[in-house]
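In case you want the letters, here they are:
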Amino acid sequence: MSAIRPDTGPDAADPGRRRSGQLESRIVTVLTEAGLALTPGEVRDRLAPHADLSYSTVVTILTRLHTKGAVIRRRDGRAYRYAAVRDAAGLVADRMTKLLDAESDRSSVLRRFVGGLDAQDEQILRELLRDKLD
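Reading guide: rules and limits
Residues numbered from 1 in each chain as written. Predicted model: local features only at pLDDT ≥ 70, side-chain atom pairs only at ≥ 80, totals over all residues. Heavy atoms only, no water. Salt bridge = Lys/Arg side-chain N within 4 Å of Asp/Glu carboxyl O. Helix = DSSP H or I, 4+ residues; strand = E, 2+ residues; numbered from the N terminus. Contact = heavy atoms within 4.5 Å. Pairing = 2+ DSSP bridges.

(A) Main features of the pattern of salt bridges. For the structure shown, the criterion picks out 8 salt bridges. Of the charged contacts, one joins Arg95 and Glu24 as a salt bridge, the two residues approaching to 3.6 Å between their closest N and O atoms. A residue pair is termed long-range when its members are at least 10 positions apart, and Arg95 in helix 4 (residues 88-101) and Glu24 in helix 1 (residues 22-34) qualify at 71 residues. The salt bridge partner of Arg44 is Asp45, with a shortest N-O separation of 3.9 Å. Counted as one network, the salt bridges with shared partners bring together Glu24, Lys68 and Arg95.

(B) Expanded view of the side chain of Ser25. Mapped onto the secondary structure, Ser25 falls in helix 1. Setting aside chain neighbours within four positions, we find Ser25 in contact with Ala88, Leu91, Val92 and Arg95.

(C) Quick peek at the pairing of strand 1 (residues 71-76). Relative to strand 2 (residues 79-84), strand 1 runs antiparallel, the two being bridged by 6 bridges. Bridge pairing links Val71 to Ala84 in strand 2. Counted along the chain from strand 1 to the antiparallel partner strand 2, the turn is 2 residues long, and its residue Gly77 has a positive phi close to 70°.

Here it is as C-alpha cells:
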C-alpha cells in the first residue's frame, strides 16, 4: 500500500497549478472589466497574452461558466461572444453557498468557518451581519 503524501493532492501547493476556480474568477474579471462581450480569443489575449494558456482551455472555462449561469453568450459568426452576469466575488459566493448546501450540519461548518477567520475578516462579517439585521 502506498503512502499518500499531504503535498500531492488536488489542493497541494504547486506553483505551476492554479487553485480550483482561480481561472474562472480571472476570466470573469476580464469580462467584467471589458464592459462588452468578448470572444474566447479576446479573453485569452487580455488574460495572458504571453502566457502558456491555450485557447481550448479558455473555451472550456467559458462553457462551464455559461452552464453555471455566470456568463451569457451570443453567437457572432462562427464563434460566441461572452459577457459576465456577475463579478468574480459573486462567483466565489456562489461556490461557498453550494459547498455549504452540500453539508448536513450547516451549524458546524459555519462555526468552523467563522472560527478560522482572522480578526479583520471576522470584523467585516460582524459588520455585514449587523447591517443586514438593521
